[in-house]
Amino acid sequence: MTTSERGLRADAARNHLRIVTAAAEALESDGPSVALEDIAQRAGVGVATLYRRFGTRVDLLKAVAEHVFAEEIVPAVVDDGPDPWEDLVATITRTVEAFAAHPVLLSLAREHAVMGMDSKRAYAEAKERVLRRAREAGRIRPDLTAEDLTAVVVMALAIVHRTDHDPAATNRYLTLLLDSLRPTGTPLP
């Protein structure tokens, strides 16, 4: 449950979830200029309900981005497996897959700077746990930072975009990126 869903009456929370879910789907299938009326119809609510709940298109984008991040990106973190390297690989791979499933939303979220801090903080903390475990186990470069992992995810998303989601190409280049995280004895500049 996202921050904006907490404290709502049960029916309002259901409508909120229906609207943000419908909006996420509509943005990806119909594009960034999908009409709010179409989103309301998909959600099975009146357009007045959508406007009452979100007010503006940017407010809706913020809620959708927060929902997707909380429900798909944060849970992509794997930090409890027996092998810290495998957890790191799974975390990066699942994060890339989750972001790749929402290219339109990702673009709009960047354009409008709508990401909420709660989910970003939870993801950053979880990512740091994965990184710390892998570092302590000697499975990654000792000077690797959380920002480096973010850069790897961004690079991997560029690969996914350029290869049109070709799984073989994506896996090949993601493997090359991931191998660069292993200890080499050469410090990062």
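Look above for the structure.
Residues numbered from 1 in each chain as written. Predicted model: local features only at pLDDT ≥ 70, side-chain atom pairs only at ≥ 80, totals over all residues. Heavy atoms only, no water.

A.B. asks: Looking at this structure, how should I read the overall build of the protein chain?
C.D. replies: The secondary structure content of the protein chain amounts to 9 helices and 0 strands. If you list the helices and strands of the protein chain from N to C, you get α-α-α-α-α-α-α-α-α. Principal-axis analysis of the C-alpha atoms places the extent of the protein chain at approximately 60 × 35 × 30 Å. The buried share of the protein chain, taken over its 189 residues, is 43%. For the protein chain, the proportion of contacts with a sequence separation of at least 24, taken over those separated by at least 6, is 68%. Element-wise, carbon and sulfur atoms account for 56% of the exposed surface of the protein chain, whose accessible area totals about 10,100 Å². Each charge class in the protein chain was averaged separately, 23 positive and 28 negative side chains, and the resulting centres sit 3 Å apart. (Helix = DSSP H or I, 4+ residues; strand = E, 2+ residues; numbered from the N terminus. Buried < 20%, exposed > 50% of the residue type's maximum accessible area, 1.4 Å probe, protein only. Contact = heavy atoms within 4.5 Å. Areas by Shrake-Rupley, 256 points an atom, 1.4 Å probe, with all protein chains shown as cover. Lys, Arg positive; Asp, Glu negative; His and termini not counted. Charge placed at Lys NZ, Arg CZ, Asp CG, Glu CD.)

A.B. asks: Can you help me understand the packing of helix 1 (residues 10-30) against helix 2 (residues 36-43) in this one?
C.D. replies: Geometrically, a packed helix pair is captured by the angle between its two axes and the distance between the axes. At a minimum axis separation of 8 Å, helix 1 and helix 2 run at an interaxial angle of 125°. In terms of axis orientation, helix 1 runs oblique to helix 2. The two elements helix 1 and helix 2 meet at a crossing, and its hand is right-handed. Facing helix 1, whose interface residues are R18, I19, A22, A23, E25, A26, S29 and D30, helix 2 presents I39, R42 and A43. Of the residues contributing to the contact of helix 1 with helix 2, the split by class is 6 nonpolar, 1 polar and 4 charged. (Axes fitted to C-alpha atoms, helices over the stretch in contact; angles between N-to-C directions. Parallel < 35°, antiparallel > 145°, perpendicular 65-115°, else oblique. Left-handed = near helix turned anticlockwise from the far one by under 90°. Nonpolar A, V, L, I, M, F, W, Y, C, P; charged D, E, K, R; others polar.)

A.B. asks: It is not clear to me how the pattern of salt bridges should be interpreted in this structure. Could you clarify?
C.D. replies: Opposite charge on two side chains permits them to pair, given that their charged atoms come into close proximity. Summed over all chains, the structure comprises 6 salt bridges. Across the pair R139 and D83 runs a salt bridge whose closest N-O atoms are separated by 2.7 Å. Separated by 56 residues along the polypeptide, R139 in the loop between helix 7 (117-136) and helix 8 (146-162) and D83 in the loop between helix 4 (57-73) and helix 5 (84-100) bring together distant segments of the chain. Notably, a salt bridge pairs D179 with R182, separated by 3.3 Å at the nearest N-O pair. Judged by relative accessible area, which is 30%, R182 ranks as partly exposed. (Salt bridge = Lys/Arg side-chain N within 4 Å of Asp/Glu carboxyl O.)

A.B. asks: Could you clarify how one ought to interpret the environment of T93 in this entry?
C.D. replies: Residue position: T93 is located in helix 5. With 78 residues separating them in the primary sequence, T93 and N171 have C-alpha atoms 9.1 Å apart.

Without other data, these values stay purely geometric and don't point to any function.
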